[in-house]
Amino acid sequence: MSGSIELVQTTKVYDQNPVVDAINVKVEKGSYCCLLGPSGCGKSTTLRMIAGHETVTDGDILLNDRNVTRLTPRQRGTAMMFQDYALFPHMNCLDNVSYGLKISGVSKADRYEQANEMLGLVNMVEHANKFPDQLSGGQQQRIALARALICKPDVVLLDEPLSALDPFLRIQMRKELKQLQQKLGLTFIHVTHSQEEAFALADQAIVMSGGKIEQVGSPRAIFESPNTPFVANFIGGHNVLKASGSLAFLSKGSGSLFSVRADHISTQPRSENDITVKADVIDAEFQAQFYLVECVLEDGQSITCYLSEDTFDARLISSGKSIPLYWSEERINTFRC
Ligand SMILES: Nc1ncnc2c1ncn2[C@@H]1O[C@H](COP(=O)(O)OP(=O)(O)OP(=O)(O)O)[C@@H](O)[C@H]1O
């Protein structure tokens, strides 16, 4: 396995505006890494700098401990798969996939042999002679992936690869991406604004905001312990609360914030030491496996909890109703930054 990536103080400035601001992070070889964050946070710029499609204003990019900052995309050992797949419309699948070898001067027989092998890898052999407009979105994505893999990169860079697919296909294709990455043992760096997608795929997730890294870790570690109020809000399923009003006793200084997961809040105490607050129900949404219940605390703060169908029915939850909410103090997440 190869393909470790290290960003060292990596910076991109556009019009005096640092859109990627001196970030430092290491991606282990053979891992599936997701760059996650809201629109405009700098994730695509970061990916493009790794690919060599964007110059680096300051700092370095190391690939397998080799400084590649000033190398061209083809010299780096990375391959990029674009959001719209960027397939050549006038070429059939075989020619699309073998294109990278053609421009490297590989003979027709050799490049077709390797392209057929790649088509086999993505289960597209029988579509070799079709043109992109004869393929479904998922099939186009497989061809784009085969085309990215043909030059045997160490690192595969994917910019929102699933965003053009419908929700059902998106889930199927993300499984295929993960299986392929595991089978090949390559490093994948996948840009997404979807927390669900990143959590389903990533060994390592990097959460970005405003050109900076907010948190790096496994999806589970990030979900269990978000570093900042931004991360807690962005990944969802967390309440960011101020230690004020009936929660003032939890304050660790002025403006003290903490988070508690919506699925860790219940309407029944689990122990006599549980924190308890009075809440008024504002709204409830049926979410199939649970009800998402939005409430407001006495001091006006919003709080959301996930209640089971049974609890929802037993408590006769409805808008305007006052209910007690409980959670264990151990469930409180204190922000590190
Ligand atoms: N070529 C450019 N010139 C000037 N500003 C740019 C350029 N490319 C990107 N930006 C700005 O840099 C910031 C980061 O853009 P980037 O595309 O990296 O964000 P992103 O997180 O990938 O967003 P999205 O999910 O919308 O693609 C944005 O504010 C964007 O407007």
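Named according to an unreviewed UniProt entry, the chain is Polyamine-transporting ATPase originating from Marinomonas mediterranea.

Q: What should I look at first to understand the sheet that holds strand β8 (residues 187-192) in this one?
A: In any sheet, the strands associate via hydrogen bonds between backbone groups, in a parallel or an antiparallel arrangement. The mixed open sheet is built from six strands, whose spatial order is β6-β7-β8-β3-β9-β10. Either end of the sheet is taken by a strand with one partner, and the two such strands are β6 (78-81) and β10 (212-217). Ignoring strand direction, the axes of neighbouring strands in this sheet form an average angle of 20 degrees. The pairing of strand β3 (residues 32-36) with β8 spans five bridges and is classified as parallel. Bridging from a neighbouring strand, L35 pairs with V191 of β8.

Q: Would you take a moment to explain the UniProt feature "domain: ABC transporter" (unreviewed entry) in the chain for this structure?
A: Taking the UniProt record as the reference, the feature "domain: ABC transporter" (unreviewed entry) is found at residues 5-235. Helix makes up 39% of residues 5-235 and strand 26%, whereas the separation of the span's terminal C-alpha atoms amounts to 25 Å.

Q: Can you walk me through the site of the ligand in this structure?
A: Near the ligand you find Y14, V19, P38, S39, G40, C41, G42, K43, S44, T45 and R48, and these make up its full shell. The side chain of S39 places a nitrogen or oxygen atom 2.6 Å from an oxygen atom of the ligand. At 2.7 Å from an oxygen atom of the ligand is found a side-chain nitrogen or oxygen belonging to K43. A per-element tally of the shell around the ligand places helix α1 (residues 43-51) first, with four residues. Taken together, the residues of the shell around the ligand sort by class into four nonpolar, five polar and two charged.

Q: Got a minute to help me understand the environment of F234 in this structure?
A: Its location among the elements puts F234 in helix α9 (residues 229-235). Given a relative accessible area of 22%, F234 falls into the partly exposed group. In this structure the C-alpha to C-alpha distance between F234 and S194, which are 40 residues apart in sequence, comes to 9.5 Å. Excluding residues within four positions of it along the chain, F234 makes contact with L36, G37, P38, H193, Q195 and V207.

The rules behind these values
Residues numbered from 1 in each chain as written. Predicted model: local features only at pLDDT ≥ 70, side-chain atom pairs only at ≥ 80, totals over all residues. Heavy atoms only, no water. Pairing = 2+ DSSP bridges. Helix = DSSP H or I, 4+ residues; strand = E, 2+ residues; numbered from the N terminus. Axes fitted to C-alpha atoms, helices over the stretch in contact; angles between N-to-C directions. UniProt positions renumbered as here; feature names shortened; annotations may be inferred. Near = heavy atom within 4 Å. Polar contact = N/O pair within 3.5 Å; in protein donor to acceptor, adjacent residues only side chain to side chain. Nonpolar A, V, L, I, M, F, W, Y, C, P; charged D, E, K, R; others polar. Buried < 20%, exposed > 50% of the residue type's maximum accessible area, 1.4 Å probe, protein only. Contact = heavy atoms within 4.5 Å.

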